[in-house]
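Observations on the model geometry
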Amino acid sequence: MYYYRNGQMKDFDDYKQKVEVLVSKDTSFYEFLIEGSKINEKVDDVIKYSRELLKLNPGDLETRMILGEYLFKMNQYQEAEKVFLEIRDRLSTYPKSSYYLSKIYIKQNELDKALKIAEGEMASNPSRADGHYIMGEVLKLKEDYLPSTRS
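Residues numbered from 1 in each chain as written. Predicted model: local features only at pLDDT ≥ 70, side-chain atom pairs only at ≥ 80, totals over all residues. Heavy atoms only, no water.

1. Examining the nonpolar core
Core analysis: the largest hydrophobic core is formed by 38 residues, its most contacted members being Leu 33, Phe 84 and Ile 104. Breaking this core down by element, the ones donating at least two residues are α3 (27-39), α4 (43-56), α5 (61-73), α6 (77-90), α7 (97-107), α8 (111-124) and α9 (129-141). Of the residues forming this core, the biggest block, seven residues, is contributed by α5. Apart from the residues lying within four places of it in its own chain, the contact partners of Phe 84 are Met 65, Gly 68, Glu 69, Ser 97, Tyr 100, Leu 101 and Ile 104. (Core = buried A, V, L, I, M, F, W, Y, C linked by side-chain atoms within 4.5 Å. Buried < 20%, exposed > 50% of the residue type's maximum accessible area, 1.4 Å probe, protein only. Helix = DSSP H or I, 4+ residues; strand = E, 2+ residues; numbered from the N terminus. Contact = heavy atoms within 4.5 Å.)

2. Some remarks on the pattern of salt bridges
One pass over the structure, following the stated rule, counts eight salt bridges. Close ionic contact of Glu 52 with Lys 55 constitutes a salt bridge, the shortest N to O distance being 3.1 Å. With a gap of three residues between them, Glu 52 and Lys 55 both fall in helix α4, about one helical turn apart. A relative accessible area of 62% means that Lys 55 is categorised as exposed. A salt bridge links Glu 137 to Lys 103, with the nearest nitrogen and oxygen atoms 3.7 Å apart. Of the two residues, Glu 137 is situated in helix α9 and Lys 103 in helix α7; the sequence distance between them amounts to 34 residues. (Salt bridge = Lys/Arg side-chain N within 4 Å of Asp/Glu carboxyl O.)

3. So, the side chain of Lys 103
A relative accessible area of 15% places Lys 103 in the buried class. In this structure, Lys 103 is in contact with Phe 72, Ile 134 and Glu 137, ignoring residues within four places of it in sequence.

4. Regarding the packing of aromatic side chains
Geometrically, a pair of aromatic rings is defined through the distance of the ring centres and the angle of the planes. Evaluation of the coordinates by the stated rule reveals seven aromatic pairs. Ring geometry for Phe 29 and Tyr 30: centres 5.6 Å apart, planes at 65°, overall edge-to-face. There is no split in this pair, since Phe 29 and Tyr 30 are both buried. Pairing Tyr 99 with Tyr 133 gives two aromatic rings, centres 6.3 Å apart and planes at 40°, and the pair type is tilted. Of this pair, Tyr 99 sits in helix α7 while Tyr 133 is found in helix α9, placing the two residues 34 residues apart along the sequence. With a relative accessible area of 11%, Tyr 99 lands in the buried category. (Phe/Tyr/Trp six-rings, centres within 6.5 Å; stacked < 30°, edge-to-face > 60°.)

Written out as structure tokens, the structure reads:
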């Protein structure tokens with residue numbers, strides 16, 4: 001971490017490789033690698049380290065969200081869908097999990113499914129704008145412009 005913070009990337013990469021092969025893995029190490037990869041815009045590394053962290057701590061919903069978001073950004077919709085469904089299985093009201101599922105279904109042109117999931121996001125997190133935004137996006141794509149017909 002010292003080398004990374006001081007901009008000595010070659011030394012950082014050398015030590016990172018040494019630590020990665022150690023038998024004992026630490027969750028905070030992977031959290032650091034994920035954040036560093038996000039800062040350096042290394043999407044593949046964010047996905048890789050998120051998966052490694054989830055092997056150590058499968059109940060980490062925040063890391064699952066990061067993994068799902070980056071899979072979505074990489075247009076890996078089927079894998080992202082699995083991740084967001086796993087999150088919803090663990091905690092159905094987890095913020096933005098339904099939002100991203102709805103976005104996936106929009107990308108797959110499954111608008112009725114996207115609408116149902118968007119309604120669920122609005123119901124489970126009514127004070128957050130995400131559900132309202134995705135609902136509007138789905139209704140726009142469906143060309144349903146009469147919000148008064150919706151509950």
